[in-house]
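An overview of the molecular structure
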Amino acid sequence: MTLVIAGHNLEFSSSIWHENDDIKEMHLNGLYVASDSAITRPTVNGKKTMLGGFRKIYQIPIKVFKPYFVGSDFRGYFEVYHESSCFVGIAGNTLTAQHILNSIFTHLSDLRISYENDEKNTQKIKYCIVRSCQKNNLIRTSGTTLWSEDAFVDRDFESLVTAQFISDIIEHSIQNAVNSAKQYKLDENDFKSLFTEFVAGIYCPVNKSHHLYTYRMDPYLNAEGCYDISIIKEEVNKETVAVLGMRNEYEKQAIQIVKDCIDKKENPSNKIFEFLNNAIDREREKGNGEIDRPSVIKSFIDGQLNVIYHTSK
């Protein structure tokens, strides 16, 4: 089992417009994400910790390539237009998580600027970003289309790389990886063993804002009577947190901590990390191997993930 908690980093400062120091304004300063590091296996008496120090928070590179032209001819993708990163936290089956992380990495590290036809104006095109596995009109028409010098210039792409777009790519990556299991005609227990949940932190260069999303698996029986999984994506607002793993045990308490910190005009990240370590102590006292140290909390600001604190055993 796992405990990963992620939220918005809230800072409070006195306004220059108020003489009363008690009147503080809330500012958003990136995201934070905290986790334990235990890998467990089921036993007759519950869970047993197999190892500690397993990383559950990953920085994933984002690369968007722009087309390269020789004169009016498109020749391929060689130059990076936009480079940043997001983070992904995991909880659940480690093999499934690694497979999905590989899918996310593959998709986000090779995005390409292309175009689609404008339905409202057939004389114009709309610039877009496509996955490397997706139909690409620019490649499809290569050798048959000549482009003017004022096509595909950087100013045309300024609004394309958004947090919403990156979150959709992550959703596609998870669904695509899960779909690869369908060919094996898994039963209900097999599908349950695949269950893994994710949290992603993304910086939006268009809006200059940070966004947090959860991705949870929802099983169902499809029209053919076979088990299937859909991915439920939700954005997490600044007044709550995302909890993965031991959600039933600790989500309500974590949310309450954030609400109390907002009322007291305090940054919740330190309190959340303290709460996570207290949860580890409680599980230890129960004799459970559900979660364990080392634990870590990291900040995510403008596409960079950095360690704030970490604990040893």
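Here is a short report on the structure shown in this document.

The rules we used
Residues numbered from 1 in each chain as written. Predicted model: local features only at pLDDT ≥ 70, side-chain atom pairs only at ≥ 80, totals over all residues. Heavy atoms only, no water. Helix = DSSP H or I, 4+ residues; strand = E, 2+ residues; numbered from the N terminus. Buried < 20%, exposed > 50% of the residue type's maximum accessible area, 1.4 Å probe, protein only. Contact = heavy atoms within 4.5 Å. Salt bridge = Lys/Arg side-chain N within 4 Å of Asp/Glu carboxyl O.

This next bit is on the environment of Ile-262. With respect to the helices, strands and loops of the structure, Ile-262 is situated in helix H5 (residues 247–264). Looking at Ile-262, the relative accessible area reads 18%, which means it is buried. Taking C-alpha positions, Ile-262 is 8.9 Å from Phe-12, a pair spaced 250 residues apart along the chain. Contacts of Ile-262, omitting those with residues within four sequence positions, involve Leu-10, Phe-12, Lys-238 and Glu-239.

Moving on, we come to the pattern of salt bridges. Counted according to the given criterion, the structure contains 13 salt bridges. Ionic pairing is found between Glu-283 and Lys-286, a salt bridge with its closest N-O pair at 3.5 Å. You can call Lys-286 exposed: its relative accessible area is 58%. Linking Arg-284 and Asp-292 is a salt bridge whose minimum nitrogen-to-oxygen distance equals 2.6 Å. Its relative accessible area of 33% is what places Arg-284 among the partly exposed residues. We classify Asp-292 as buried; its relative accessible area is 11%. Overlapping salt bridges bring together Lys-66, Glu-79 and Asp-154 as one network.

Turning our eyes to something else, we now look at unusual backbone geometry. Residues apart from glycine generally show negative phi values, whereas peptide bonds are mostly found in trans. A cis geometry characterises the amide bond from Arg-293 onward to Pro-294, with omega recorded as 5°. By the element assignment, Pro-294 lies in the loop between helix H6 (268–285) and strand S13 (295–301). The phi angle at Phe-152 is positive, at roughly 55°, despite the residue not being glycine. For Phe-152, the position within the fold is in the loop between helix H2 (137–140) and helix H3 (163–179). Phi angles above zero are rare outside glycine, and Lys-208 is one such case at about 55°. In this fold, Lys-208 is placed in the loop between strand S9 (196–204) and strand S10 (209–221).

None of this, on its own, says anything about what the molecule does.
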